[in-house]
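# Per-entry structural report
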Amino acid sequence: MQRASGMGPGTVGFYLNIGLVLGPMWEASKRRRALSADDLPATTDLLRFDRLRVPGPDREETWLLTERTLPDMIDLLERAVEEQLPAQLSVLDRETTLRNPEGLFKARAWRYRAWILADAGPSQELDDLLTWAESEGYHAVHLDPIREWATARTSSTRWVLDQSRGSEG
């Protein structure tokens, strides 16, 4: 946490961000960028990004923290998590999310669907989606990792990949 400009001494301003990156997408990104297992996704890795809002009438994004306001901020944080986290967690259900990816992911909905399809291996549906994405002008930086992941997920290599990831998925 850093003190934001314009705030008095002893005051810290911070945001609480919530992001979603699919496991296959994150694994492919870590491999491509040679990241360690301990590295965390950057905002650019996320398919969905939102900011936890302070509950109340003004719904501010910035949380201001001082020694005096700490107890109140803890209460606000608990309320914000209770109010907002369940809606965020709903995107973890792939079947539900695939019914309306545009509502959750907006312009990134095609990428969400492509990564879900790629995790199951190559398919005509995935090929059609990636062909559409190319025709819409999406760059190879988004398309190539999806193709590579799907190719690696063929039945002959799936077990090996699952074992190397600790059978996570």
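Residues numbered from 1 in each chain as written. Predicted model: local features only at pLDDT ≥ 70, side-chain atom pairs only at ≥ 80, totals over all residues. Heavy atoms only, no water.

### Comments concerning the overall build of the chain
The secondary structure content of the chain amounts to eight helices and four strands. In the chain, the succession of α and β elements from N to C terminus is β-β-α-β-β-α-α-α-α-α-α-α. Counting all 169 residues of the chain, 34% fall into the buried class. When contacts within the chain are restricted to residue pairs at least 6 apart in sequence, long-range pairs at least 24 apart make up 56% of them. Per element, the accessible surface of the chain, about 10600 Å² overall, is 54% carbon and sulfur. (Helix = DSSP H or I, 4+ residues; strand = E, 2+ residues; numbered from the N terminus. Buried < 20%, exposed > 50% of the residue type's maximum accessible area, 1.4 Å probe, protein only. Contact = heavy atoms within 4.5 Å. Areas by Shrake-Rupley, 256 points an atom, 1.4 Å probe, with all protein chains shown as cover.)

### Quick word on the packing of aromatic side chains
In total, this model carries four aromatic pairs according to the counting rule given. Each ring, one from Trp-110 and one from Tyr-138, has its centre 4.6 Å from the other, and the planes form 45°; the classification is tilted. One end of the pair, Trp-110, is in helix α5 (residues 109-119); the other, Tyr-138, is in the loop between α6 (124-135) and α7 (140-152), and 28 residues separate them in sequence. Here Trp-132 and Tyr-138 contribute two aromatic rings whose centre-to-centre distance is 6.1 Å and whose plane-to-plane angle is 40°, an arrangement assigned as tilted. (Phe/Tyr/Trp six-rings, centres within 6.5 Å; stacked < 30°, edge-to-face > 60°.)

### Looking at the packing of α5 against α7
Running from amino to carboxyl end, α5 crosses α7 at an angle of 20°, the nearest separation of the two axes being 8 Å. Looking at the two axes, α5 sits roughly parallel to α7. As α5 packs across α7, the resulting crossing turns out to be left-handed. Counting all contacts with α5, which are made through Trp-110, Arg-111, Ala-114, Trp-115, Ala-118 and Asp-119, the residues of α7 involved are His-142, Leu-143, Pro-145, Ile-146, Trp-149 and Ala-150. Considering only residue class, the contact of α5 with α7 consists of nine nonpolar, one polar and two charged. (Axes fitted to C-alpha atoms, helices over the stretch in contact; angles between N-to-C directions. Parallel < 35°, antiparallel > 145°, perpendicular 65-115°, else oblique. Left-handed = near helix turned anticlockwise from the far one by under 90°. Nonpolar A, V, L, I, M, F, W, Y, C, P; charged D, E, K, R; others polar.)

### A look at the environment of Arg-113
By the secondary structure assignment, Arg-113 is in helix α5. Each C-alpha atom, one on Arg-113 and one on Arg-94, is 9.5 Å from the other, the two residues being 19 residues apart in sequence. Those residues in contact with Arg-113 that lie beyond four places of it in its chain are Leu-98, Glu-125 and Leu-129.

### Looking at the confidence of the model for the chain
Within the chain, residue pLDDT values average 78, and 82% of them lie at 70 or more. The element-level mean pLDDT for the chain is lowest in helix α8 (residues 155-164), coming to 46, with α6 highest at 95. Per-residue pLDDT stays below 50 along residues 156-165; that stretch engages in 19 contacts with residues further than four places along the chain or on separate chains. (pLDDT = per-residue confidence, 0-100.)

### Brief notes about the side chain of Ser-29
As for its position among the elements, Ser-29 is in helix α1 (residues 23-33). Here Arg-33 takes part through its side chain, which lies 2.7 Å from a polar atom of the side chain of Ser-29. (Polar contact = N/O pair within 3.5 Å; in protein donor to acceptor, adjacent residues only side chain to side chain.)

### Some points on α7
Note that an α-helix has 3.6 residues per turn; residues three or four places apart therefore point the same way. With 13 residues, α7 extends 18 Å from end C-alpha to end C-alpha; this agrees with the ideal 18 Å at 1.5 Å per step. Buried within α7 are the following residues: Leu-143, Pro-145, Ile-146, Trp-149 and Ala-150. Here the buried residues of α7 occupy an arc of 170° about the axis, which is enough to place them on one side. In α7, the exposed positions angled more than 90 degrees off the buried face are occupied by Glu-148 and Thr-151. (Expected span 1.5 Å × (residues − 1). Arc of directions from axis to C-beta.)

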